[in-house]
Amino acid sequence: MPVFTITGDVDPFLHVSLAKGEKIYCESNAMVMMETNLELKGKMTGGIGAALMRTFANGESFFQQHIEAMRGDGDCLLSPTLPGAMRVLNVGNEVGNEVGAQQYMISDGAFVAASAGVELKVRTQSLGNALFAQSGGFFITETAGSGQLAVSGFGAMSILEVTPGKDVVIDNSHVVCWDNRLQYEISMTTGSSGGFLGNLINSQTSGEGMVLKFSGTGKILVCSRNRAAFLAWTQSKPA
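Residues numbered from 1 in each chain as written. Predicted model: local features only at pLDDT ≥ 70, side-chain atom pairs only at ≥ 80, totals over all residues. Heavy atoms only, no water.

**Q** With reference to specific residues and values, describe the overall build of the protein.
**A** Regarding its fold elements, the protein presents four helices and 19 strands. The burial tally for the protein puts 42% of its 239 residues in the buried class. Taking all contacts inside the protein whose residues are at least 6 apart in sequence as the whole, residues at least 24 apart take part in 76%. Only carbon and sulfur atoms are counted for the fraction: they give 55% of the accessible area of the protein, which is about 11,900 Å². (Helix = DSSP H or I, 4+ residues; strand = E, 2+ residues; numbered from the N terminus. Buried < 20%, exposed > 50% of the residue type's maximum accessible area, 1.4 Å probe, protein only. Contact = heavy atoms within 4.5 Å. Areas by Shrake-Rupley, 256 points an atom, 1.4 Å probe, with all protein chains shown as cover.)

Here is the structure:
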């Protein structure tokens, strides 16, 4: 199986070592360097329908980069679009020190690369629930299969552990990915009452935006920076 390693302290690279015949795929333009034993091709992963759904749901490119060790062993360096930390996660069956059929939900723009045995699927949910019942209501990418997955976050990244009785609420813009065993709902407020109009007003006046409420047992990866807020800040500054 390809070996994923994070290298560097500030804005690190993802270093991938492949044996002859092994493959990975990554977000478009992620490849920085590769040795000549490797071959890079642009492909639609999973066909046109799957590619369209991932583009719409998770902000990924329609064509992804596929890297294969065609002529022998080789290494490559990859990097995410935004500056910040990366994390390598074990997906599926027991890998390394992690046990169990571990799968993850991935937020917009967080995907960097995965080994060929990892599949990205799009799950759809009711938009009406998000608007009127404070839950559901969005498209989300979920992993399947087994192998390694690399994700990135804007800024620093941290792991939060959720346990029964200790639910957490996280601003949607800071969520990178989470354990698919967790229960979650999306809301416009951290409060538990107030109705749709009250929640909408509270969201606008507090600057809270959309939040995700998690419960159960599992881990969540969060990043320190908010892409939308940073972009709005840069656009507000005079040239």
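Here the narrative resumes.
**Q** Account for the nonpolar core, naming residues and giving values.
**A** Membership of the largest hydrophobic core comes to 17 residues, with the highest contact counts inside it found for Leu 89, Leu 149, Val 151, Val 176, Cys 177 and Leu 221. Mapped onto this core, the elements with two or more residues apiece are β8 (86–91), β9 (104–106), β10 (111–115), β11 (118–123), β13 (147–152), β16 (175–179) and β19 (218–223). Excluding residues within four positions of it along the chain, Cys 177 makes contact with Leu 89, Tyr 104, Met 105, Ile 106, Val 151, Ile 220 and Leu 221. Counting 16 residues, the second largest nonpolar core, distinct from the first, contains Ala 30, Cys 76, Val 112 and Ala 150. (Core = buried A, V, L, I, M, F, W, Y, C linked by side-chain atoms within 4.5 Å.)

**Q** A description of the sheet that holds strand β7 (residues 74–78) should follow, citing residues and the corresponding values.
**A** Spatially, β1-β2-β7-β4 is the arrangement adopted by the four strands of the open sheet, whose pairing is antiparallel. Of all the strands in the sheet, just β1 (3–7) and β4 (31–34) have a single pairing partner and so form its edges. Strand-to-strand, the axes of this sheet are offset by a mean angle of 20°, without reference to chain direction. As judged from the three bridges shared by β4 and β7, these two strands associate in the antiparallel manner. Note on β7: the bridge partner recorded for Met 34 is Cys 76. (Pairing = 2+ DSSP bridges. Axes fitted to C-alpha atoms, helices over the stretch in contact; angles between N-to-C directions.)

**Q** Would you mind going over unusual backbone geometry in detail, with residue names and values included?
**A** Even without a glycine there, the phi angle at Asp 11 is positive, about 45°. Tracing the sequence through the fold places Asp 11 in the loop between β1 and β2 (13–18). Using a relative accessible area of 45% as the deciding quantity, one classes Asp 11 as partly exposed.

**Q** Explain the environment of Leu 82 to me, using residue names and the numbers behind them.
**A** On the secondary structure map, Leu 82 appears in the loop between β7 and β8. Taking the relative accessible area as the measure of exposure, Leu 82 reaches 35% and is therefore partly exposed. The sequence separation of Leu 82 and Ser 152 amounts to 70 residues, and the corresponding C-alpha distance is 8.2 Å. In contact with Leu 82, other than residues within four places in its own chain, are Phe 154 and Arg 227.

**Q** I'd like a description of a nonpolar patch on the surface, backed by residues and values.
**A** Side chains of Phe 13, Val 32 and Met 33 sit close together on the surface and give an oily, nonpolar patch of about 230 Å² of accessible area. With respect to the element layout, Met 33 can be found in strand β4. (Patch = residues over 30% accessible without salt bridge, like charges linked within 9 Å, V, L, I, M, F, W, Y side chains within 5 Å. Salt bridge = Lys/Arg side-chain N within 4 Å of Asp/Glu carboxyl O.)

**Q** Give me the lowdown on the packing of aromatic side chains, citing residues and values where you can.
**A** In this description, an aromatic ring pair is defined by two values, namely the gap between the centres and the angle between the planes. Enumeration over the complete set of coordinates arrives at four aromatic pairs. Relative to Tyr 184, the ring of Trp 178 lies with its centre 5.2 Å away and its plane at 70°, an arrangement referred to as edge-to-face. Exposure class is identical for Trp 178 and Tyr 184. Each is buried. On the basis of an interplanar angle of 65° and a centroid distance of 5.2 Å, the ring pair of Trp 178 and Phe 214 is categorised as edge-to-face. With Trp 178 in strand β16 and Phe 214 in strand β18 (residues 211–215), this residue pair connects regions lying 36 residues apart in the sequence. (Phe/Tyr/Trp six-rings, centres within 6.5 Å; stacked < 30°, edge-to-face > 60°.)

**Q** Go over the pairing of β16, please, and point to the residues and values.
**A** By the criterion of burial, β16 is predominantly enclosed, with five of the five residues buried. Where β9 meets β16, three bridges bridge the pair, whose relative direction is antiparallel. Within β16, the residue paired with Tyr 104 across the bridge is Asp 179. Pairing between β16 and β19: three bridges, direction antiparallel.

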